[in-house]
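Read off the chains here:
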Amino acid sequence: MGKKKAVLIGINYPGTEAELKGCVNDVSRMRTCLIQRYGFNDQDINVLIDTDPSYTEPTGKNIRRALEDLVGFAEAGDELFVHYSGHGFRLPAETGDDDDTGYDECIVPSDMNLITDDDFKELVCQVKDGCRITVVSDSCHSGGLISGAKEQIGDSTTFNRRDHHTITSKSSLSGFLKNSVKVTVRDAFEARGIKIPSRRSRHNKPEDIVVVDEERYQGHRGYVKSKSLALSTLIEILKQRMGRDRVAVGKIRPALYDIFGDDASPKVKKFMKIIFNKLRLRHGGQGLGSSSGSGGILSAVGGLAIDFLKLKLENSGADYAKPAMETKVESTEEVYAGETNRLMPRNGILLSACQTNETAADASPYGNPSEAFGVFSNAIQSILNEFDGEVTNLEIVVNARLLLEYQGFTQSPGLYCSDDYVNVPFVY
């Protein structure tokens, strides 16, 4: 039996326009759960939060380092676990190529140094055989966070919220929900021996509030906020960090590279390598790597940004371009938004708060930050509290869908993994 190791990331973005309230609470509750229910050792849990300077700050650089260490030092038999609670973001295409029409689903570190779905996929593909990594992402647009992972519960599983009927076309769900097609959400829970607690239930501790009725949330003390970072908010925060107005729609990746350099997302550095090659070819220099098919990329980036990059190259030379130029790029398509690598991550499991095109919620029934939570994280804890013994990945996600639907939230949690991991325990 190997070790159990975890990285827990909670980001509240205090003092910014992006501020949330419940994300740090989410990872605190998960840490307690991992130790008390699943036998993790505290020293094997790496917590990154942005509300306490005694913990590692969840910057892009620090998050990637923590995840790389988690995977890199793992041995066969190890159980790896990641919980992220924070903003999600959909980074639109910026190359200008006709075939580049997708989005990069990203998590948003405390410093706005975005980490893309392809970055997560590369990490998960490095997990050694004999290990598995479970990723819980309580963020918006999280259904695509591990690019290329097989959908087990996703867009093809829907719920009719008008009458609480369950509809499914997934064979993996048919056995579990075969008697739930014409039953209410409460009946579906009780059929599994799961009681839905009321506000006054003795079973619940004060911090484990589960049922969220509309009246409590719409009251003057209630709080609900989307965990989707607006493009305009990201641009304004990056402008503040850069101290200038060169950040604009269509120029996010060059701005991220200029701010963070070698610490930027690997996919951002791939994008910049294509730009630098094209710039050098345009001005008679020799490209340092593949630039095939990148004709539209300069016009898409825009004149002011190109002039700025040219000036940077003239003043700093190869040093400025070095982080990008040292990044391996096989073809221009690798920088396209959306899935570019068809390799299936074998040893990864993603439990997402919602689908790729959906938003997730940060909430507190009473408006008290100490009681705030991500509603998906809260659903997981509520389900675990109601189950004795093992709970499978399938049971977590199906019951989270039912519970959030019962509470009135429109987000639909998802499960993405190989067939082998659908009915295994959520954590061993």
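As a reminder, the structure under discussion sits directly above these lines.
No experiment lies behind these values; they were computed from the predicted model shown.

Draft legend 1. Structural detail: the overall build of the chain. Counting its regular elements, the chain contains 14 helices and 15 strands. Split into buried and exposed, the 428 residues of the chain put 56% on the buried side. Within the chain, contacts between residues at least 6 apart in sequence are counted, and of these 74% link residues at least 24 apart. Here the chain has roughly 18100 Å² of accessible surface; of this, 45% comes from carbon and sulfur atoms.

Draft legend 2. Quick peek at the packing of aromatic side chains. Inspection of the entire model under this criterion finds five aromatic pairs. Measuring from ring centre to ring centre gives 5.7 Å for Tyr257 and Phe276, while their planes differ by 65°; the resulting arrangement is edge-to-face. With a gap of 19 residues between them, Tyr257 in helix 8 (residues 252–260) and Phe276 in helix 9 (residues 266–282) connect regions that are remote in the sequence. Owing to a relative accessible area of 1%, Tyr257 belongs among the buried residues under this scheme. Here Tyr257 and Tyr320 contribute two aromatic rings whose centre-to-centre distance is 5.5 Å and whose plane-to-plane angle is 85°, an arrangement assigned as edge-to-face. A residue pair is termed long-range when its members are at least 10 positions apart, and Tyr257 in helix 8 and Tyr320 in helix 12 (residues 318–325) qualify at 63 residues. For the residue pair Tyr257 and Tyr320, the accessibility class agrees, reading buried in each case. Here a set of aromatic residues connected by ring pairs shows up, and it is made of Tyr38, Phe81 and Phe426. Its guanidinium or amino end placed over the ring of Tyr223, Lys21 lies 4.2 Å from that ring's centre, counting from NZ or CZ.

Draft legend 3. Representation of the sheet that holds strand 14 (residues 373–374) within the structure. Taken together, the three strands give an open sheet; going across it, the order is 11-13-14, and neighbouring strands pair in antiparallel fashion. The sheet is open, and its two borders are formed by strand 11 (223–226) and strand 14, each paired with just one other strand. Pairing of strand 13 (residues 361–364) with strand 14, which is carried by two bridges, proceeds in the antiparallel orientation. Bridging from a neighbouring strand, Ala363 pairs with Phe373 of strand 14.

Draft legend 4. Fine view of helix 14 (residues 393–407). In this model, helix 14 (15 residues) spans 21 Å end to end at C-alpha, consistent with the 21 Å of a helix rising 1.5 Å per residue. By the criterion of burial, helix 14 is predominantly enclosed, with 14 of the 15 residues buried. A positive backbone phi angle near 95° is found at Gly408, which sits one or two residues after helix 14.

Draft legend 5. Structural detail: the pattern of salt bridges. Taken as a whole and assessed by the stated rule, the structure comprises 16 salt bridges. For Asp104, the salt bridge goes to Lys267, with nearest N and O atoms at 2.7 Å. With Asp104 in strand 5 (residues 103–107) and Lys267 in helix 9, this pair connects stretches of sequence that are 163 residues apart. When the shortest N-O distance is used, the salt bridge between Lys227 and Asp138 registers 3.3 Å. Of the two residues, Lys227 is situated in the loop between strand 11 and helix 7 (231–242) and Asp138 in strand 7 (residues 132–138); the sequence distance between them amounts to 89 residues. Sharing partners across several salt bridges, the network here consists of Glu94, Asp104, Asp118, Arg253 and Lys267.

Draft legend 6. Just helix 8, in detail. Among the nine residues in helix 8, eight count as buried, and that is most of the element. Of the residues one or two after helix 8, Gly261 is the one with positive phi, at around 55°.

Draft legend 7. View of the nonpolar core. Ile133, Met272 and Phe276 are the most contacted members of the largest nonpolar core, which has 64 residues in total. Examining the composition of this core, we find that seven residues originate from one element, helix 9, more than from any other. Those residues in contact with Met272 that sit more than four places away from it in its chain are Arg253, Pro254, Tyr257, Leu309 and Ala324.

Draft legend 8. Representation of the environment of Glu390 within the structure. For Glu390, the location among the structural elements is in the loop between helix 13 (375–386) and helix 14. Exposure remark for Glu390: the relative accessible area of 63% places this residue in the exposed category. Distance in space between the C-alpha atoms of Glu390 and Phe426 is 7.6 Å, their sequence separation being 36 residues. In contact with Glu390, other than residues within four places in its own chain, are Glu395 and Pro425.

Draft legend 9. A look at the side chain of His83. Note that His83 resides in strand 3 (residues 79–85). On the basis of relative accessibility, which here comes to 1%, the residue His83 falls in the buried class. Residue contacts for His83: discarding those within four places in its chain leaves Val7, Leu8, Ile9, Asp26, Val27, Met30, Val136, Asp138 and Ser377.

Draft legend 10. The pairing of strand 5, seen in detail. Within strand 5, four of the five residues are buried, which leaves the element mostly enclosed by the surrounding structure. With five bridges connecting them, strand 4 (residues 88–92) and strand 5 associate as antiparallel partners. Its bridge partner being in strand 5, Phe89 is matched across the sheet by Cys106. Note that strand 5 and strand 6 (residues 115–116) share two bridges and pair antiparallel. Bridge pairing in strand 6 places Ile107 opposite Ile115.

Cut-off values and rules
Residues numbered from 1 in each chain as written. Predicted model: local features only at pLDDT ≥ 70, side-chain atom pairs only at ≥ 80, totals over all residues. Heavy atoms only, no water. Helix = DSSP H or I, 4+ residues; strand = E, 2+ residues; numbered from the N terminus. Buried < 20%, exposed > 50% of the residue type's maximum accessible area, 1.4 Å probe, protein only. Contact = heavy atoms within 4.5 Å. Areas by Shrake-Rupley, 256 points an atom, 1.4 Å probe, with all protein chains shown as cover. Phe/Tyr/Trp six-rings, centres within 6.5 Å; stacked < 30°, edge-to-face > 60°. Lys NZ or Arg CZ within 6 Å of the ring centre and 35° of its normal. Pairing = 2+ DSSP bridges. Expected span 1.5 Å × (residues − 1). Salt bridge = Lys/Arg side-chain N within 4 Å of Asp/Glu carboxyl O. Core = buried A, V, L, I, M, F, W, Y, C linked by side-chain atoms within 4.5 Å.

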